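Understanding the architecture of this molecule
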Amino acid sequence: MASIHWPNPRRITLLLVLIILLPLAHAEPAAISKEFIYTSAPFPSAHASTLVQLRNGDLLAAWFGGTHENAPDVAIWGSHRTAGHWTAPFLLVREPNIACWNPVLFHSADGKLWLYYKFGPSARTWTGARIVSNDDGKSWSQPEHLPAGLLGPTKDKPLVLPDGTIVSGTSVESYSSWAAWIDHSTDNGKTWQKIGPITVPSQSSTPQQPPIDAKEHIHGIIQPTVVSLGKKHLRLYARSTSDIARVCVADSFDNGLTWTQAHPIDLPNPNSGIDAVGLRDGRIVLIFNNSTKDRTPLNLAISSDGEHFKIFATLEDQPGEYSYPAIIQDKDGNLDTTYTWNRKRIRYASIPLPRPKTAHHDAP
C-alpha cells in the first residue's frame, strides 16, 4: 500500500496566512461617501452651509436659500440627518423682505444650540442675528437682532474651549479693506468682547492700482475659522483677497485675548470660504479650494503642526463651483462636511480619517 506524504504543517500555516492577508494588503482605504441633502426644494439657489452633530448623534445642516444670493426672499433653511437619511428642507428663519446670509450652528457649553446668521442687502451693510434652541433643535426662539458692531461668527463655527469660553471668528468687509476679528465670550454668549483687527501686512508700501476692468481693489482677510494647537495656543485660518491668494493664519498664545498679525501659508485660496477642525488626536484638517482663481477643486488637507499641510482627499474636481464648506469631527471620529454644489444644492460627505503619522507614514 502506497504511503501518503502530508505537506509540512508550517507551509500550510504560511499559505493560510498569505491567503488571508494578501487581499487586505491591497484593500482600498475606506471610501468617501457623498450625497445631496436634497434633490428638490422650494428655492432654486443655495449657499453657505453649516453643520453640527446633535446630542443623539443625528446631524443638523443649515444654509441660505432663495432666488439668488442677496435676493429679498433668501431665508435660512435646514435639514436633519437621522437613520442615514436627510429630511426635506424646512424653514428655520426668514427676515421680512430682506436677504439672510451665512448661518452658523454650534453648541455652547451650557448645552444650548445656537444658530447665528446675518441679514441685510449686502455683506457691507448686514446686521447680525441669532436664534437659540434649548431642546437640540426641536424648537427655536424668536430671532434676536444683535447690536451694531456685533455679527457673531461670520461663516464658520466658533471654537468652544474646555472652560466654556467661546472664541468666534468674525470679519468686516468695507469698500477697499477687509479685516478679521475675534468675538470672545466667557458667559455662553450673553456678552462679548471684540478683539482685533487681525490683518495681513501689505507687501508693498506703494498703493496698488486696480486693473482697468476691476470694479474695485480690496485687500485683507475675512471669515476666520479657529482651532486649538494645545495649551493656550490658538490659530485662525482665513480667506484672503485675490492679491494675496493664499490661506492666511494668525496666532494667539493666551486663549484668544491677543493675536499676531496674519501671514500667508503655502495653501492657495481663490477668495473663497474655508473651514478647519482640530481633531481629537491633535492634528488639524482644513477643507479648501486648491486653486488661486477657481472654486474647484475642493480638497481636504491634514497637518500635525498647523502650518504644513498634505492633501489627502478630493471631494470635487470637475468644472463648476464647490465652495463654502463646513467640517466637523463626529462622535465616531470620522469627518463630516457640507458644501455648496454649483449654487443649486448642498452636498454632504463623510470622510474616513487618515491614520496619524508614524515612522512608516509620511502624512503630516
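Everything below is about the structure shown above.
In what follows, the accompanying structure is described.

Analysis parameters
Residues numbered from 1 in each chain as written. Predicted model: local features only at pLDDT ≥ 70, side-chain atom pairs only at ≥ 80, totals over all residues. Heavy atoms only, no water. Helix = DSSP H or I, 4+ residues; strand = E, 2+ residues; numbered from the N terminus. Buried < 20%, exposed > 50% of the residue type's maximum accessible area, 1.4 Å probe, protein only. Polar contact = N/O pair within 3.5 Å; in protein donor to acceptor, adjacent residues only side chain to side chain. Contact = heavy atoms within 4.5 Å. Salt bridge = Lys/Arg side-chain N within 4 Å of Asp/Glu carboxyl O. Core = buried A, V, L, I, M, F, W, Y, C linked by side-chain atoms within 4.5 Å. Pairing = 2+ DSSP bridges.

Some remarks on the side chain of Asn-289
Structurally, Asn-289 is set in strand 20 (residues 284-289). Residue classification places Asn-289 among the buried positions, given a relative accessible area of 1%. Within the structure, Asn-289 has its side chain in polar contact with the backbone oxygen of Tyr-322 (distance 2.9 Å). Apart from the residues lying within four places of it in its own chain, the contact partners of Asn-289 are Pro-268, Pro-270, Ser-272, Asp-294, Arg-295, Thr-296, Pro-297, Leu-298, Tyr-322 and Ser-323.

Here's the deal with the pattern of salt bridges
Inspection of every chain in the model, using the stated rule, returns 14 salt bridges. Measuring nitrogen to oxygen at the nearest pair gives 2.6 Å for the salt bridge that ties Asp-156 to Lys-155. Accessibility classification places Asp-156 together with Lys-155 in one group, the buried group. Each of Glu-69, Arg-295, Glu-321 and Arg-343 takes part in salt bridges that share partners, so that together they form one network.

Considering the nonpolar core
Counting residues in hydrophobic clusters, the biggest one holds 25 residues, and the most contacted among them are Val-52, Leu-60, Ile-76, Leu-105, Leu-115 and Tyr-117. Contributions of two or more residues to this core are made by strand 2 (45-53), strand 3 (59-66), strand 6 (90-93), strand 7 (100-107), strand 8 (113-119) and strand 9 (127-133). It is strand 8 that contributes the most residues to this core, four residues altogether. Val-52 has contacts with Asp-58, Leu-59, Leu-60, Leu-105, Phe-106, His-107, Leu-113 and Ile-328, leaving out every residue within four places of it along the chain.

So, the pairing of strand 13 (residues 177-185)
With seven of nine residues buried, strand 13 lies mostly within the body of the structure. Pairing between strand 12 (residues 166-173) and strand 13: eight bridges, direction antiparallel. Its bridge partner lying in strand 13, Thr-170 is registered against Trp-181. Once strand 12 ends, the chain turns through three residues before running back antiparallel as strand 13. Where strand 13 meets strand 15 (residues 219-228), two bridges bridge the pair, whose relative direction is parallel. Bridge pairing in strand 15 places Trp-178 opposite Gly-220.

Describing the environment of Asp-58
Residue position: Asp-58 is located in the loop between strand 2 and strand 3. For Asp-58, a relative accessible area of 17% gives the class buried. The spatial distance from the C-alpha of Asp-58 to the C-alpha of His-85 is 9.8 Å, given a sequence separation of 27 residues. Other than its neighbours up to four places away in sequence, Asp-58 contacts Val-52, Gln-53, Arg-81, Thr-82 and Ala-83. Within the structure, the side chain of Asp-58 is placed 3.1 Å from the side chain of Thr-82, a separation counted as a polar contact.

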